[in-house]
Amino acid sequence: MDTRTLKKFALESRKKFIGAVETKAMIYGLSDKIIPMKEKGNTVIIGDQVFPISIAAQRRKLELRIKNERLKNVIESVAYTWFNRFVAIRYMEIHDYLSHGRRVFSNKNPEKKQPEILEYAEDIEWSNLDHNKVIKMKLAGNQDAALYQEILLAQCNELHETMPFLFEKVTDETELLIPDNLLHSESPVRMLVNDLDEDLWQNIEIIGWLYQFYISEKKDEVIGKIVASEDIPAATQLFTPNWIVKYLVQNTLGKQRLNSYPESNLRNKMEYYIPSENQEKADVKQVEELTFLDPACGSGHILVEAYNLFKEIYLECGYRKQDIPYLILSKNLFGIEIDERAAQLAAFALMMKAAEDDRTILTKIKTKKMTPNIITINESNHLDAELITQHLNDPSLKTNSVLLPRKKFAAIELNEKPLMNPKNLLKDKINLSDINVLMDLFKNAKTFGTLIRIPETLPPQLETIKNKTEIIEQHGDMSDQEVIASLKPLIKQTEFLAQKYDFIVTNPPYMGNKFMNPTLKKFATENYPDTKIDLFAMFIERGLEMIFDNGLCGMVTMQSWMFLSTFEKFREKILATTTIEVMVHMANMVMGIAFGTSATVWRLGSNPQIKGAYCFVEYENIDVKNKPISFPPNNSRNKLIPSDDDFFRVSTIDFKKIPGSPSAYWVSEKIIAAFENGKLLGEITDARQGLATSDNDRFLRRWYEAPLTKIKFNATTRKEAKNSQKKWFPYNKGGDFKKWYGNQEYLVNWENDGDEIRNFLGDNGKIRSAVRN
C-alpha cells in the first residue's frame, strides 16, 4: 500500500476539514467570542443573521460542548467526525455497499465529474428526504450545491440505522457544521476522489493508515511534553505493522485452536505461528464461546486480522459461510478505546470486513439492531447523580404495557433470580449511593481507559439499574430518556471491563511517567505501583488480569520491561503467575520507532515444563514492504550464542535464576548454572565508577598519538606510576563488541598521580572531574 500518498492526503485533509468546520462554526456565531442566540418566533437571530428555529437545539449543544471541551477541541473533533463519515461513504460506494447502488462522491462514468447520486436524486427514496423538495431544487437549475448537501445529510441519516456509532441521529449537533461548497473543485469531497486512486480502497487496511496519518500532525504537536488527557490518543497512537498483528493473533487465537485440535489444518494458513515445546492440550471450547478483546483497539487493525482467523476456524468447524460474519461480530470480537473517532473506524472496518463475506450483513445488522462490540470509554465528570437517581425512581412511561425480559449483568458473579415483572422492577428504589459508585468509577475515565478496574463486589442494585434503564429507554418519555441516556454507556463499559476474555491482544499506548499529566500519574501510582513507570507496562498488568486461567495475552511493547531494574518487581510477579509462550524481540526501527520492542504472548498460569520460543529480528531483516525477509530469522548465524534451531527455547523459570530476573533468553545453560552455583561479584566487593575526566578531548589520547617515551604500560600501583614520571597510562573506556580481546585503545594523562585531572576546574570554580577510584 502506498502509505506516502495516504499520509499526504490525510494531512492535507485534516487542515481542509478543520478549516471548513471552523468557517461553518463562525457562520453560527461560534468562535473565540460566542455571539448570543436569540429566538424569535420560528427563527433564531445570531448577530445580524437569521436562521430557522430548527437549528436552535443543535447550536445549544455546540455551545455546551465548547464550554466543556474548549472551542479548538470541538472544531477538531467535529472535523474528524466528518472526515470519518466521508471516508466510510467513499469506501462503501467503491465496494457498492450502499443500498441505492449510486455513488455519492464520484461517478461510475469517468467522463462525468458530477456525483452520480446528484444526477439521479429524484430516484432516491428515503424517509428523511423530502422527495418534492428534491424535485423542486433539481428543476431550479441553480441549487445543486444546496441539494447535494441535503442529499449527503440524508445519506448519513439513512446510514444511522446500520451504523449509529458513526452516523448519529438527524438532530446531532455535528450536522450543523457540515462543510459547505462540497461540489467545489477544492472541497474535501473532490480531494477524497481525486487524490486517492480507487486501487488504494480495495484493502480495509486503508482505514487504519488514514487514522494514523490524520492524527500524526497532532502527535507531533504534543510528543515530548506533558500530555493532556484529550491528547493521549494522538500522543500514543502507533499503527502496528501487519506481520506483527498476524504474529500476535496467530500465536494466541491460532495457538489455542491448534492446542485444542492438533489435527487442524489451520497451521498451514498461519505464516507467523510458532509452536511451543511440551505444550499441554488445551480445554476445548466451542468457537462461538471464544472471546477476543483488544483493550486499546485504535482503528481496529488487530480485530480485523482476528476476524480473518475466526472465519477460518468457523469454516473448519463446518459453519455456513453466510452465517459466519454475524456470529463473529456478535459473539467473538470486542474492542475498547478512549478515542471515539478511532472506535468509529474500528467498528466500521469490522462491518466492511464482514460485508466482504456476506453482502446482506448490513441488512441483518440493521434488522437485529446489532453493532460490533466496540465501545468508547465515557466519563461521568459532568453527570448529575441526583438527577439520574430521580428519573430512575420516578419515570413517566408512555404505555402501561411493558414486557421486557430481565437480563443478567454480563460476566459478573451475581445470584440468579427468577424473572421479574417489569412493573415490579420499576417500583424498586435506586439508592443515590449506588449511582455514585458508577460516577466515581468513571471520573476522568477517558484518561485511564481500560486501566480502570471494576470492584469485585458491585452494588446489588446494579443489575436492577441496568434493567430499569432499558425499560425507560424503550418506554419512557423524552425527558426520562435524555437523562438515562448518559447512564447506559457507563453500564455497558462496566460489563466490558468486568468480564474475562479468552484472548487479549493489543499494541498498548507507550508513555513514560515523566510525560503523564498529574491526574494520570496519581492514578498510576495508586493503582499500578509495580508498572507505573510506563503506560505499556500498566496495560500488560491489566491485560493479564482480564483473561481466563490458561488464557493467552499477546502484546507488542517497549523492551524495557524485560531488563530494567525499575520493572524487577513486575517481572517477578508475571514470572510467578504466567508462562511466556513466544516472543519476537525486535531491534531499533523494526517498528519504525527508535527503540527496541518485543512482541510477547503470555499464558495465564505458570508452567515451568513449557519452553517458550524466542527469536530476535534485526532491522536488516525487514524488507521494503515492512515485513521480515524470512520468518523466523535464523538466530543461529552471526550470534554470540547460537541456538539449536531458529529459536531460543527457554523456560521462564530459568529467568528467575539470574539476579533481577531479566528476560535473557539467549543465555546458555552454562551461564545460568554459573549464577546458580557461583559466587556473585557483589558478594566479594562493590563495583564503583573509576574516573570521569569531564573533558576527554583534553585528557585522553589514542595509544599511537602519544610519544612512546611518555607512556607507562605496566604500572601496578599509583606510587609506581607517579615515580615513573611518565604522563600517559592505559585507560579502559569501553567500545564496540569484541568477542575475545580488544578495546585497548586509549591513554589517560595521569602525570604526577593525576594532578591536572584532579585540579580541573569549571567556569564556576568547582572541580569538574570525578576521580572516585
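Residues numbered from 1 in each chain as written. Predicted model: local features only at pLDDT ≥ 70, side-chain atom pairs only at ≥ 80, totals over all residues. Heavy atoms only, no water.

## Looking at the overall build of the protein
The number of helices and strands found in the protein is 29 helices and 17 strands. Looking at the protein as a whole, 52% of its 773 residues are labelled buried. Relative to all contacts within the protein whose residues are 6 or more apart in sequence, the contacts with residues 24 or more apart total 71%. By element, 49% of the accessible surface of the protein is carried by carbon and sulfur atoms, the whole surface being about 37500 Å². With 103 positive and 105 negative side-chain charges, the protein shows a spacing of 4 Å between the two charge centroids. (Helix = DSSP H or I, 4+ residues; strand = E, 2+ residues; numbered from the N terminus. Buried < 20%, exposed > 50% of the residue type's maximum accessible area, 1.4 Å probe, protein only. Contact = heavy atoms within 4.5 Å. Areas by Shrake-Rupley, 256 points an atom, 1.4 Å probe, with all protein chains shown as cover. Lys, Arg positive; Asp, Glu negative; His and termini not counted. Charge placed at Lys NZ, Arg CZ, Asp CG, Glu CD.)

## Topic: the sheet that holds strand S8 (residues 547-558)
Reading across the sheet, the 9 strands line up as S6-S5-S4-S7-S8-S10-S9-S11-S12 and stay open at both edges, with mixed pairing between neighbours. With partners counted over all chains shown, the strands left at the sheet margins are strand S6 (373-376) and strand S12 (648-650), one partner each. For this sheet, the mean inter-axis angle between neighbouring strands, taken without regard to orientation, is 15 degrees. Bridge count between strand S7 (residues 501-506) and S8: 5 bridges; the pairing is parallel. Considered in S8, the bridge of Ile-504 is made with Cys-553. (Pairing = 2+ DSSP bridges. Axes fitted to C-alpha atoms, helices over the stretch in contact; angles between N-to-C directions.)

## With respect to the sheet that holds strand S15 (residues 728-731)
The sheet built from 3 strands is open, its strands ordered S14-S16-S15 with antiparallel pairing. Strands with a single pairing partner mark the edges of an open sheet, and in this sheet they are strand S14 (700-702) and S15. If you compare each strand with its neighbour and ignore which way they point, the axes differ by 40 degrees on average. The pairing of S14 with strand S16 (residues 746-749) spans 3 bridges and is classified as antiparallel. The partner of Arg-702 across the bridge, within S16, is Tyr-746.

## With respect to the pattern of salt bridges
Counted under the stated rule, the structure contains 50 salt bridges. A salt bridge links Lys-218 to Glu-76; the nearest nitrogen and oxygen atoms lie 3.4 Å apart. One end of the pair, Lys-218, is in helix H8 (residues 205-222); the other, Glu-76, is in helix H3 (residues 71-94), and 142 residues separate them in sequence. Lys-218 sits in the buried class, given a relative accessible area of 10%. A salt bridge links Lys-712 to Glu-720; the nearest nitrogen and oxygen atoms lie 3.9 Å apart. Linked by salt bridges that have partners in common, Arg-14, Lys-15, Lys-72, Glu-76, Glu-217, Lys-218 and Asp-231 make up one network. (Salt bridge = Lys/Arg side-chain N within 4 Å of Asp/Glu carboxyl O.)

## Some details on the packing of helix H23 (residues 535-545) against helix H24 (residues 568-577)
Between two packed helices, what matters for the description is the angle formed by their axes and the separation of those axes. One way to put it is that H23 packs onto H24 with a least axis distance of 12 Å and a crossing angle of 25 degrees. With respect to H24, the element H23 is oriented roughly parallel. For H23 against H24, the interelement crossing comes out left-handed. For the pair H23 and H24, contact is made by Ala-537, Ile-540, Glu-541 and Leu-544 and by Phe-570, Lys-573 and Ile-574, respectively. A per-class count over the contact of H23 with H24 returns 5 nonpolar, no polar and 2 charged. (Parallel < 35°, antiparallel > 145°, perpendicular 65-115°, else oblique. Left-handed = near helix turned anticlockwise from the far one by under 90°. Nonpolar A, V, L, I, M, F, W, Y, C, P; charged D, E, K, R; others polar.)

## A closer look at the packing of aromatic side chains
Inspection of every chain in the model, using the stated rule, returns 32 aromatic pairs. Ring centres of Trp-243 and Tyr-272 lie 5.9 Å apart, and the angle between their planes is 50 degrees; this geometry places the pair in the tilted category. Highlighted residues: Trp-243 in helix H10 (residues 242-260) and Tyr-272 in the loop between H10 and strand S4 (292-294), separated in sequence by 29 residues. Here Trp-243 and Tyr-272 have matching classes, each one buried. When the centroid spacing of 5.9 Å and the interplanar angle of 80 degrees are considered together, the rings of Tyr-614 and Phe-655 count as edge-to-face. Pair noted here: Tyr-614 is in strand S11 (residues 612-617) and Phe-655 is in helix H25 (residues 652-655), with a separation of 41 residues, a long-range link. Grouping residues by exposure puts Tyr-614 and Phe-655 together as buried. Here the aromatic cluster, defined as three or more aromatic residues joined through ring pairs, consists of Phe-9, Phe-17, Tyr-80, Trp-82, Phe-83, Phe-86, Phe-105, Tyr-211 and Tyr-214. (Phe/Tyr/Trp six-rings, centres within 6.5 Å; stacked < 30°, edge-to-face > 60°.)

## Concerning the side chain of Ser-380
Mapped onto the fold, Ser-380 is located in the loop between S6 and helix H15 (385-393). Of note is the side chain of Ser-380, whose polar atom sits 3.3 Å from the backbone nitrogen of Lys-443. With residues up to four places along the chain from it excluded, the contact list for Ser-380 reads Leu-438, Met-439, Phe-442, Lys-443 and Leu-490. (Polar contact = N/O pair within 3.5 Å; in protein donor to acceptor, adjacent residues only side chain to side chain.)

## Section: the confidence of the model for the protein
For the protein, per-residue confidence averages 89 on the pLDDT scale, and residues scoring 70 or more make up 94% of the total. Low pLDDT, under 50, characterises residues 401-420; the predicted model gives this stretch 44 contacts beyond four residues in sequence or across chains. Below pLDDT 50 for its whole length, residues 637-644 participates in 13 contacts with residues either more than four positions away or in separate chains. (pLDDT = per-residue confidence, 0-100.)

## Describing the side chain of Arg-85
Within the secondary structure, Arg-85 sits in helix H3. The contact partners of Arg-85, leaving out residues within four places of it in the chain, are Leu-166, Phe-167, Glu-168, Asp-172 and Thr-174.

## Some thoughts on the packing of helix H19 (residues 462-475) against helix H21 (residues 488-498)
Where H19 contacts H21, the axes come no closer than 10 Å and their chain directions differ by 135 degrees. If you check the angle between H19 and H21, you find them oblique. Once H19 is placed against H21, the crossing between them reads as left-handed. Residues Leu-462, Ile-465, Lys-466, Thr-469 and Glu-473 of H19 touch H21, and the partners they reach there are Lys-488, Ile-491, Thr-494 and Glu-495. Residue composition of the contact of H19 with H21, by class: 3 nonpolar, 2 polar and 4 charged.

## Details of the environment of Ala-346
Positionally, Ala-346 belongs in helix H13 (residues 340-357). For the pair Ala-346 and Ile-207, spaced 139 residues apart in sequence, the C-alpha separation works out to 8.3 Å. Ignoring sequence-local partners within four residues, the contact set of Ala-346 consists of Cys-297, Gly-298, Ser-299, Gly-300 and Ile-374.

## Concerning unusual backbone geometry
For the peptide bond that leads from Phe-631 to Pro-632, omega is 0 degrees, which places it in the cis range. Mapped onto the elements of the fold, Pro-632 is located in the loop between S11 and S12. Located in the positive-phi region is Ser-694, a residue other than glycine, with phi close to 70 degrees. With respect to the element layout, Ser-694 can be found in the loop between strand S13 (691-692) and helix H27 (696-699). Residue class for Ser-694 comes out partly exposed when judged on its relative accessible area of 36%. The backbone phi angle of Asp-753 is positive, close to 60 degrees, even though this residue is not glycine. With respect to the element layout, Asp-753 can be found in helix H29 (residues 751-758). With a relative accessible area of 16%, Asp-753 lands in the buried category.

## Observations concerning the pairing of strand S3 (residues 49-52)
Sheet topology note: the strand S2 (residues 43-46)/S3 ladder contains 4 bridges and is antiparallel. Each residue of the ladder has a partner; that of Val-44, found in S3, is Phe-51. Between S2 and the antiparallel strand that follows it, S3, lie 2 residues; Gly-47 among them carries a positive phi value of about 65 degrees.

## Re the pairing of strand S5 (residues 333-337)
Counting buried residues along S5, 5 of its 5 residues qualify, which places the element largely inside the surrounding structure. Burial along S5 is two-sided: the face carrying Leu-333, Gly-335 and Glu-337 and the face carrying Phe-334 and Ile-336 are both buried. Strand direction decides the pairing type here: S4 and S5, joined by 3 bridges, are parallel. The partner of Phe-292 across the bridge, within S5, is Leu-333. Bridge count between S5 and S6: 4 bridges; the pairing is parallel.

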